[in-house]
Amino acid sequence: MDGKGHPIIYLHEDGGLQPSPGHELLAQTFRVITLELPENRRSASSEDLARNLNAAVTALGIERYSIVGTSFAATAALWMAILRPESVEAIVLSVPAAPPRDESFEKRAAELPQPVLVLLGTDDKVTPPECGRLYCELLRSCHVVFVYGAAQAIDTDRPEAFASVVGDFLTRKEQFVVRDTSALVHPERSR
Amino acid sequence: MKASLFCSAKYVAPVPDDVWPLPGTYYSPDVAVRSMQTTIDQFRLADEYGFDWVTCAEHHFSPMSLTPNPMVMAGALCQVVRRAKIAVLGPTIPILNPVRVAEEFAMIDVMSNGRLVAGFMRGTGNEYVTYNINPSESRERFAEAVDLIRRCWTELEPFGWEGKYYQNRTVSIWPRPVQNPPPMFMSTSSPEAAEFAARNGIGAGFAFTTVPLAKKAVTHYRECAHAAGWEPTPDNVIYRAAFHVAETDEQAFADMATLPPRVSLTNKNKALSEAVTKSGYFGSDFAGQTTRNATRALAERIELGQIVVGSPETALKQVRRIHDELGAGIIDLVVGVQLGERTMRSIELLGSKVLPRMHEF
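Peer 1: What is the right way to read the overall build of chain B from this model?
Peer 2: Helix and strand counts for chain B stand at 13 helices and 11 strands. The C-alpha atoms of chain B give a radius of gyration of 19 Å, which matches the 21 Å a tight globule of 361 residues would have. Considering only C-alpha atoms, chain B reaches an extent of 60 × 45 × 40 Å along its principal axes. For chain B, the share of sequence-separated contacts (at least 6 apart) that also reach a separation of at least 24 residues comes to 76%.

Peer 1: Explain the overall build of chain A here, please?
Peer 2: Summing up its helical and strand segments, chain A has 7 helices and 6 strands in all. Secondary structure elements in chain A, listed N-terminal to C-terminal, are β-α-β-α-β-α-β-α-β-α-β-α-α. By the compact-globule yardstick of 16 Å for 191 residues, chain A fits well, its C-alpha radius of gyration being 16 Å. With the principal axes as the frame, chain A shows a C-alpha extent of 60 × 40 × 30 Å. In chain A, which comprises 191 residues, the proportion classed as buried is 41%.

Peer 1: It is not clear to me how the pairing of strand β3 (residues 85–88) of chain B should be interpreted in this structure. Could you clarify?
Peer 2: Strand residues, when the strand is regular, have side chains that alternate between the two faces of the sheet. All names here are of chain B. Covered by surrounding structure in β3 are Lys-85 and Ala-87 together with Ile-86 and Val-88, the residues of both alternating faces. Handedness of the crossover joining strand β2 (residues 53–56) and β3 through helix α2 (residues 70–80): right-handed. Bridge analysis of β3 against strand β4 (residues 116–120) gives 3 bridges, and the strand direction is parallel. By the bridge assignment, Ala-87 is partnered in β4 with Val-117.

Peer 1: Just to check I follow, could you spell out the sheet that holds strand β6 (residues 142–147) of chain A for this structure?
Peer 2: Whether parallel or antiparallel, the strands of a sheet pair through hydrogen bonds between backbone atoms. Reading across the sheet, the 8 strands line up as β2(A)-β1(A)-β3(A)-β4(A)-β5(A)-β6(A)-β5(B)-β6(B) and stay open at both edges, with mixed pairing between neighbours. Because the sheet does not close on itself, it has two edges, and the strands there are β2 (31–34) of chain A together with β6 (167–171) of chain B. Each adjacent strand pair in this sheet contributes to an overall mean axis angle of 20 degrees, direction not counted. Of the pairings in the sheet, the one linking strand β3 (residues 65–70) of chain A to strand β4 (residues 88–94) of chain A comprises 5 bridges and is parallel in character.

Peer 1: Could you clarify how one ought to interpret the pairing of β6 of chain A in this entry?
Peer 2: Counting buried positions along β6 of chain A yields 6 of 6 residues, so the element is predominantly enclosed. Burial along β6 of chain A is two-sided: the residues Cys-142, Val-144 and Phe-146 of chain A and His-143, Val-145 and Val-147 of chain A are all buried. Since strand β5 (residues 116–121) of chain A and β6 of chain A lie parallel, the crossover through helix α5 (residues 131–138) of chain A that links them has a hand, and here it is right-handed. Two strands pair when backbone bridges link them, and β6 of chain A and strand β5 (residues 159–162) of chain B are joined in this way by 4 bridges, in the parallel orientation.

Peer 1: How should the interface of chain A and chain B be read in this particular structure?
Peer 2: One frequently used descriptor of interface size is the decrease in accessible area upon assembly of the parts. Each partner contributes residues to the interface: chain A has 15 residues there, and chain B has 13 residues. If you list the elements that add at least two residues to the side of chain A that touches chain B, you get α5, β6 and α7 (159–172) of chain A. By residue number, the principal contributor to the side of chain A that touches chain B is β6 of chain A, which donates 5 residues. Here the side of chain A that touches chain B is built from residues that sort into 10 nonpolar, 4 polar and 1 charged.

Peer 1: So what exactly am I meant to see when it comes to unusual backbone geometry here?
Peer 2: Residues and elements named next belong to chain B. For the bond from Trp-20 to Pro-21, the omega torsion is -5 degrees, close enough to zero to count as cis. As for its placement among the helices and strands, Pro-21 is situated in the loop between β1 (2–6) and α1 (29–48). Even without being a glycine, Phe-61 presents a positive backbone phi close to 60 degrees. Here Phe-61 is to be found in the loop between β2 and α2. Judged by the 18 C-beta atoms lying within 10 Å of it, Phe-61 is partly exposed. Of note, the phi angle at Asn-113 is positive, near 50 degrees, even though the residue is not glycine.

Peer 1: Looking at this structure, I do not really get α5 of chain A. What am I missing?
Peer 2: Within an α-helix, residues lying three or four positions from one another point in the same direction, as the helix has 3.6 residues per turn. Residues of α5 of chain A that are buried: Cys-131, Gly-132 and Tyr-135 of chain A. Buried residues of α5 of chain A, seen end-on, are gathered within an arc of 105 degrees and therefore sit on one face of the element. The inward-facing, buried residues of α5 of chain A contact β4, β5 and β6 of chain A together with β5 of chain B.

Peer 1: Sorry, what's going on with the environment of Gly-310 of chain B here?
Peer 2: Residue and element names in this part refer to chain B. Note on placement: Gly-310 falls in strand β10 (residues 307–310). Once the C-alpha coordinates of Gly-310 and Asp-249 are considered, the two residues, 61 residues apart in sequence, prove to be 4.2 Å apart. Look past the residues within four positions of Gly-310 in its chain and what remains in contact with it is Val-245, Asp-249, Ala-252 and Ala-315.

Peer 1: Honestly, helix α8 (residues 249–256) of chain B in this entry has me stumped. Any pointers?
Peer 2: All names here are of chain B. Of all the positions in α8, only Ala-252, Asp-255 and Met-256 are classed as buried. Buried residues of α8, viewed axially, fall in a sector of 100 degrees; they line one side. The outward face of α8, more than 90 degrees from its buried face, is lined by the exposed residues Glu-250 and Ala-254.

The rules we used
Residues numbered from 1 in each chain as written. Chains lettered and ligands numbered in written order. Predicted model: local features only at pLDDT ≥ 70, side-chain atom pairs only at ≥ 80, totals over all residues. Helix = DSSP H or I, 4+ residues; strand = E, 2+ residues; numbered from the N terminus. Rg over C-alpha atoms; globule rule 2.2 N^0.38 Å. Contact = placed C-beta atoms within 7 Å. Buried ≥ 20, exposed ≤ 12 C-beta atoms within 10 Å, placed from the backbone. Right-handed = clockwise from strand over helix to strand, strands pointing away. Pairing = 2+ DSSP bridges. Axes fitted to C-alpha atoms, helices over the stretch in contact; angles between N-to-C directions. Nonpolar A, V, L, I, M, F, W, Y, C, P; charged D, E, K, R; others polar. Arc of directions from axis to C-beta.

Dropping the structure here:
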């Protein structure tokens, strides 16, 4: 558990607790909580996994949170929101695996009110390029952002870019499309 | 072999040739209007005389070229040039907004019904001064911008871009190109550029170099493409040379004698030239990249394949040698000298007497 601020439940693809450089940068502004995923995380039902994860978050006394899910943990992240829609504010899927072809999942994911950010790396040779489109078709509010020069581990390959766009999205949700930082060349103080 | 006519929209009145940037005090709007009209007339003539492409390019703050935005010229050419492809070789990618470039290219491809040839150029060092971009970042900006431009053309869902130099939160361009994708070229004189082009399936362009240097570079490009799993055809290789054709060799050489020696834009400004060199702009092959632009006498320029000069018969021999040495499928012929009717005649002679025979090899 790192940092203060709005809680982010961070699900690492490798299931471990080792924070990535992107995770550490996020912890400067958010309270980032990593939950260890079980050994059978890839074979277990994502729905069951999500139920256990939500229980763990509740046990920590956290009522409102956002979720970052990487790779295979993306489906569990969406299930967490499906099961606790009132608790989850926004979702980030970093280089997610393609969404499962499961009617019950698809139907419920389509009803999610939360905004979802899908991050893809331009150097990723594994994730199929149509992956972003599949999530856009599935979800009500989905934004795809390419992180240039990153492969599968965006939070390690481009930590600053990762933390910047994730942080902005979790703070401003869909309004993150409108730039709110200054482009003044010399932001001089008024006299 | 195909031919393109490249007219840089040179300012058609005497002005100092050794200054960059040139002050506006030398500028006359009447001459500028005449210069633009001359350019359009030459492109129209080239189209009528069977040139396969017409070419325009970006240069700033100089009477050498009045097309700081070649997309504007290309837009006009969509209406004037009925048959030839419209090659924008090119916009200076690293100093521009890549999304805007993708949109403008798409407009030209739609307005010309699929006749765009898209060039991605880094430009000459002086261009970095115009929009205040650090030339040491040129290659990185270029690589990222090319990736972004191509995604603008191909991604169907709105997307954001978290780059190193460019950041967009929502992109979904309209219109989109007719060709999927348009033919793409970049300058590949340096080893780094040849490697990038080969890796990304982009055609090779050689401009303001020499045939011996281009031969070495095109060999490197072909080797890199082979390593990347594809074999470039002659249509993937463009070589640019100046030209002037007259009825006889004597007349052509007499016409060329009126022209001052060519000085590269960057070399017109000593402080600028030194700062650009210091920035690492020229890459690993520094010697080759700086000497290829040296000022040379006409005979030497012909020998090196920098310019094609003479009667149609002589011009054909010179073009043939460039083709055979490089395996280039397209020669981008730059109007060598602006002499009014004599230049129009040069385009006619090239189109009627040289081009039909070029098309056979």
